[in-house]
Every structure is written in C-alpha cells, then in structure tokens.
Amino acid sequence: MWLYNLLLALAAPLIRIAACRSRKLRLWVDGRRDLFERMRAAIPADARIVWIHAASLGEFEQGRPIIEAIRRTAPEYRILLTFFSPSGYEIRKNYAGADYIFYLPLDTRRNVRRFLDIARPEIALFVKYEFWFNLLRELRRRRVRTFVVSAIFRRGDIFFRPYGGMWRQALETFETLFVQNDESKRLLAELGFDNAIATGDTRFDRVAEIARSARRIELVERFRGEAPLFVAGSTWGPDEELLIPLMNANPAIRFVVAPHEMDEARIARLLAAVEGGGIRYTQCDERTSFADKRLLVLDTVGILSSVYAYATWSYIGGGFGVGIHNTLEAATFGLPIAFGPNYRKFKEACDLVTLGAAASVATADELQAWFAPLRDDPAALDRAGRAAKEYTCRHQGATEVITRTILHRA
C-alpha cells in the first residue's frame, strides 16, 4: 500500500506538468481545481446521497439506467455523479438526471477523507471497475453500503494472481457485486466471495431505452432520401481506410460516418476520397441540398444513437485499436454489424458473431465480402437483423434487479 501511495504522490505533479501539452490532461487538472469548495457549496448537509462513479462515458452509459431508475423509484435521494476522465465529464457535466456532477479527486488518503466528509453517501455504486484502494478502504471503514455494477471478471485478471492480495482486499468493500455473467460469479466464488449476483449488463436496458426514445433527425432523413443508409459509428483511421473502398464500390447507397474523435485531417481525407462528394453535418442547414452527396460526416456528439434508426447496415469502429466501441446501440435497432479484429474481450460482440448478427473484418475485401450478401439478399439481411434485435431483447432486466436490491425494495 505504501508503494501505491508513493506512486500517487509522484503522479500528481507529473500530471500537472504534462497538462501544459495535453488538452485532455489540462481538462483533468482544471476540472479538479477548487473541487471540494464547489462540492461544499452545492451539496446540502442534510441531503441523502446515492453516489454513482463512472470512469468515463462508456461506464456512464452503463450506470445511466440505474441512475434513472433510482430517480423514479426513490425520489428521497439526491444523486451525486462523478467521473475520472474528461471524456465522460465534459460530455455529461450537464446531465439532468443527476443532482451534482463532479470529477473524482485523485485517490490520496487526504482527498478521500475530504470527499467523503462532504458527500456523505448512504449508498456508493461503482460502474464496472475503478478499484481505488484508499477510497474503498475509507468506505469500508465508514460502513457505507457499496456496490459494483455491470462488473466482469476474467481468469487472467490481477485479482486471481498470487500477488493480487491488495486487489482482493478491495473487493471486500462491496456488499454485493453485480456481475455480467456466470463465469464472473464462479471466479469470485473461487476467491471466497459468495455475494456476487449475475444480473447481466445494464447496457442492454440502456440501449432498449435509446431505441424507444430515438429522436427524429430531419437532416439525416433528407440526406438519406430514398436510398438505403449505411452508418459507421465511432470510427478511427484504420476503420475509415476500409470504409472508403466500400463507399466507392456502392454508389447507390448513402453513408454516414461518425468519427470517434474530430480529427480534421481524417475528416478532410474522408470527404476528398469518396467519389460523389461528402459534407459535414455541422455545415448543413435546412437549405442544404444533398442531391450530389453520398457521405455525411457526423462531426458532432449526442445523436449517433438516433441516427442508427435510419440505417440498414452498420459498422462499429475501434477494432484495430484496443477494442471496438458500442455494438449494442446498433444491434438494438436490428442492424447487421461489422467491426475490426480486436473484439474478443467484448462478450456481446462475440455473441453477435456466433449468432450471425455480426462479423469481424480485417481488410477492405473482407468488409465488401460481408456486405454484398446483406445488400443483395433480403432474407440474409432479415436473418442478421432479427438475430441482433432478439439478442438485445433477451438480455434486458439487470437494472430492475440491481435497483431493487440496493434500495431494499420488494
């Protein structure tokens, strides 16, 4: 533990130095400036707090159904939401479902005590992971009811290694561990934790709500017109290199590409490489004509999930990096899905491949080979789409079990 605290002490000044050259780190530092004063001014001393912590945006989307269920069923509580990463906080800092939204301070013992003295949570929920040792130890000491939700454990994780004692001790903080699958439950039982419940992944509940509340986007309707639409979400450079030949080989189809990051050079390359012309979403208005456009670059945030409602096929980016992004948002609309080769640590992606609803591709030729039958054979398209939709429907319900358990509601 002393080494952990030493590394934290060294990390703080290094992060501040690095922030001079990194916008993301600068947001990380600036967002924590005067944190405790701002928390003290915002949170009343008599508020009953349920605190939900999400590392970043993806974890927030997993926690969001629980936040909204607590809001509906237990209005006596105020909801404190924290993020570790700017990519979550900066996008959701105005989220109306939480009463107070802040960054989580660095996990020093002093910071942890100050944070909990102000927040005074009755219930603490950690989404999926983020096992901060000082924070969990202090929650344990204060006897705060603490849970982890939508967690997933694998045999190779540090908890199951001979030197993972400190990590195993951290798990003792949790009253219940809500895990995504039976394998996680079995692994925890091997360590002596019999307080795990396999509820599944709350993201299935979230994407079901997304499908129900998808909004009309008139601009996308006009762009699509009478043509079928292919939507590629959260793409990176290697993904786009596969998509460009596909776009050029299918002139009768309209394409929407939503880059994961707004890299101006990549956006310019996309627009220049597509035969037939393209345009950026932020450059369009009600007077824009799409008659000669085949590509719409979605250079904005917050609408991709609704755009899937207009699509016939989809591609999810990230599979040439550390891993693919959210496949379930596309699957819930009954779309066949393609993605890059790095997908095997994502259970839902593996399941969708097994069911024939998705495919992994590594080259432009493989992407075209996957796409052609789904373009030309309505029966094949229907089978893949139905498999995707039915899969998301079968796995809903985790939010209700988790909420009922933590609130002791019958």
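Scoring rules and cut-offs
Every chain is numbered on its own, with residues counted from 1 as its sequence reads. Selection of residues for local features in this predicted model requires a pLDDT of at least 70, selection of side-chain atom pairs for listing and counting requires 80 or more, and totals for whole chains, interfaces and linings are taken over all residues. Side-chain numbers come from the whole structure's heavy atoms, not from hydrogens or water. Only DSSP runs of H or I with at least four residues qualify as helices, and only runs of E with at least two residues qualify as strands; both kinds are numbered from the N terminus onward. One less than the residue count of a helix, multiplied by 1.5 Å, gives the span that helix is expected to have. Categorising residues by exposure relies on relative accessible area from a 1.4 Å probe, with only protein chains included: less than 20% of the type maximum marks a residue as buried, more than 50% marks it as exposed, and the intermediate range marks it as partly exposed. Residue contacts are defined here by distance: any two heavy atoms, one from each residue, within 4.5 Å place the two residues in contact. As used here, the term nonpolar core means buried Ala, Val, Leu, Ile, Met, Phe, Trp, Tyr and Cys residues forming a set that is joined through side-chain atoms within 4.5 Å. By the convention used here, strands pair only if DSSP detects at least 2 bridges between them. Assignment of crossover handedness uses the view with strands pointing away from the viewer, where a clockwise path from the first strand over the helix to the second indicates a right-handed crossover. Axes here mean lines fitted to C-alpha atoms, for a helix over just the part in contact, with angles spanning 0 to 180 degrees between N-to-C directions. Throughout, the term roughly parallel applies to angles under 35 degrees, roughly antiparallel to angles over 145, roughly perpendicular to angles from 65 to 115, and oblique to all others. Each crossing gets its handedness from the near helix: less than a right angle anticlockwise from the far helix is left-handed, clockwise is right-handed. Under the scheme applied, nonpolar residues are Ala, Val, Leu, Ile, Met, Phe, Trp, Tyr, Cys and Pro; charged residues are Asp, Glu, Lys and Arg; polar residues are all the others, including Gly. Patch construction takes residues with relative accessible area above 30% that form no salt bridge. Like charges are linked within 9 Å, and nonpolar side chains (Val, Leu, Ile, Met, Phe, Trp, Tyr) are linked within 5 Å. In short, Shrake-Rupley with a 1.4 Å probe defines the accessible areas, and a residue's cover is counted only from the protein chains shown. Any Lys or Arg side-chain nitrogen found within 4 Å of a carboxyl oxygen on Asp or Glu counts as a salt bridge. Charged-residue counts in this description rest on Lys and Arg as positive and Asp and Glu as negative, His and the chain ends being excluded. By convention, charge coordinates are those of NZ in Lys, CZ in Arg, CG in Asp, or CD in Glu. A residue's bend is given by the angle between axes fitted to the 7 residues ending at it and the 7 residues starting at it.

Participant: So what's going on with helix H17 (residues 364-376)? Which residues, and what values?
Facilitator: For an α-helix, the turn length of 3.6 residues means that residues three or four places apart are oriented alike. Between the first and last C-alpha of H17 there are 18 Å, a value that for 13 residues agrees with the 18 Å anticipated at 1.5 Å per step. Those residues of H17 that fall on the buried side of the exposure criterion are Leu 367, Trp 370, Phe 371, Ala 372 and Leu 374. Check the buried side of H17 and you find it contacts strand S8 (229-235), helix H12 (237-249), strand S12 (313-316), strand S13 (337-339), strand S14 (358-360) and helix H18 (378-394).

Participant: An account of the nonpolar core is needed here, citing residue identities and associated values.
Facilitator: Trp 51 and Phe 153 are the most contacted members of the largest nonpolar core, which totals 47 residues. It is helix H6 (residues 109-119) that contributes the most residues to this core, five residues altogether. Residues in contact with Trp 51, not counting those within four places in the same chain, are Leu 80, Thr 82, Leu 104, Phe 115, Leu 116, Pro 121, Ile 123, Ala 124, Leu 125, Phe 126, Leu 135 and Leu 139. Counting residues in hydrophobic clusters, the runner-up holds 40 residues, among them Leu 229, Ala 258, Ile 303 and Leu 335.

Participant: If you had to explain the pairing of strand S3 (residues 100-103) to someone new, which residues and values would you point to?
Facilitator: The alternating pattern of S3 places Tyr 100 and Phe 102 and Ile 101 and Tyr 103 on opposite faces, both of which are buried. With four bridges connecting them, strand S2 (residues 78-83) and S3 associate as parallel partners. Within S3, the position partnered with Leu 81 by the bridge is Ile 101. For the handedness criterion, the β-α-β arrangement of S2, helix H5 (residues 86-92) and S3 is classed as right-handed.

Participant: A description of the packing of H6 against helix H7 (residues 133-141) should follow, citing residues and the corresponding values.
Facilitator: Two elements in contact, H6 and H7, have axes whose closest approach is 9 Å; the angle formed by their N-to-C orientations is 45°. Judged by the angle between their axes, H6 and H7 are oblique. Our pair here, H6 against H7, has a crossing hand that is right-handed. From H6, Arg 109, Val 112, Arg 113 and Leu 116 reach across to H7, where they touch Asn 134, Leu 135, Glu 138 and Leu 139. In terms of residue class, the contact of H6 with H7 is built from four nonpolar, one polar and three charged.

Participant: Let's hear about the sheet that holds S13: which residues, and what values?
Facilitator: Where strands meet in a sheet, backbone hydrogen bonds hold them as pairs that are either parallel or antiparallel. Taken together, seven strands build an open sheet; the order of strands is S10-S11-S9-S8-S12-S13-S14 and the sheet is parallel. Of all strands in the sheet, those with a lone pairing partner are strand S10 (278-280) and S14, marking the two edges. Averaged over all adjacent pairs, the angle separating strand axes in this sheet is 20°, with direction ignored. With three bridges joining them, S10 and strand S11 (residues 295-297) adopt parallel strand pairing. Among the inter-strand pairings, Gly 278 is bridged to a residue of S11, identified as Leu 295.

Participant: Give a description of a positive patch on the surface that names residues and reports values.
Facilitator: A grouping of Arg 109, Arg 110, Arg 113 and Arg 137 is seen on the molecular surface, where their side chains present a positively charged patch. Broken down by element, the positive patch gets its largest block of residues, three residues, from H6.

Participant: Account for unusual backbone geometry, naming residues and giving values.
Facilitator: The backbone of Arg 120 shows a phi angle near 45°, a positive value even though the residue is not glycine. As for its position among the elements, Arg 120 is in the loop between H6 and strand S4 (121-127). You can call Arg 120 partly exposed: its relative accessible area is 33%.

Participant: Just give me the short version of the packing of helix H16 (residues 347-355) against H18, but keep the residues and values in it.
Facilitator: Where H16 meets H18, the axes come as close as 10 Å, and the angle between the chain directions of the two elements is 135°. One way to sum up the angle between H16 and H18 is to call them oblique. Along this stretch, H16 crosses H18, giving a crossing that reads as right-handed. Residues Lys 347, Glu 348, Asp 351, Leu 352 and Leu 355 of H16 touch H18, and the partners they reach there are Ala 387, Ala 388, Tyr 391 and Arg 394. A class-by-class count of the residues in the contact of H16 with H18 yields five nonpolar, no polar and four charged.

Participant: So, the side chain of Glu 240: which residues are in play, and what are the values?
Facilitator: Tracing the backbone shows Glu 240 in helix H12. If near-sequence neighbours (up to four positions away) are discounted, Glu 240 is found in contact with Thr 235, Pro 259, Arg 266 and Leu 270.

Participant: Tell me about the pattern of salt bridges, and name the residues and values.
Facilitator: Opposite charge on two side chains allows them to pair when their charged atoms are near. Within the structure shown, the criterion is met by 29 salt bridges. Here Arg 280 ties to Glu 264 by a salt bridge, and the two come within 2.8 Å at their closest N and O atoms. Here the residue Arg 280 occupies a position in strand S10, and Glu 264 occupies one in helix H13 (residues 264-273), the gap between them amounting to 16 residues. For Arg 280, a relative accessible area of 15% gives the class buried. What makes Glu 264 partly exposed here is its relative accessible area of 46%. If you follow the salt bridges from partner to partner, you end up with Asp 117, Glu 138, Arg 141 and Arg 142 in one network.

Participant: For helix H4 (residues 57-73), give the residues involved together with the corresponding values.
Facilitator: In this model, H4 (17 residues) spans 24 Å end to end at C-alpha, consistent with the 24 Å of a helix rising 1.5 Å per residue. Maximal helix bending in H4 amounts to about 40°, located at Gly 63; proline Pro 65 follows within four positions. Within H4, burial applies to Glu 59, Phe 60, Glu 61, Gln 62, Gly 63, Arg 64, Pro 65, Ile 66, Ile 67, Ala 69 and Ile 70.

Participant: Residues and numbers for a nonpolar patch on the surface, please.
Facilitator: On the surface, Trp 2, Leu 3, Leu 6, Leu 7, Leu 10, Leu 14 and Ile 17 cluster together into a nonpolar patch covering about 780 Å² of accessible area. Relative to the elements of secondary structure, Leu 14 occurs in helix H1 (residues 2-18). Given the relative accessible area of 55%, Leu 14 is considered exposed.

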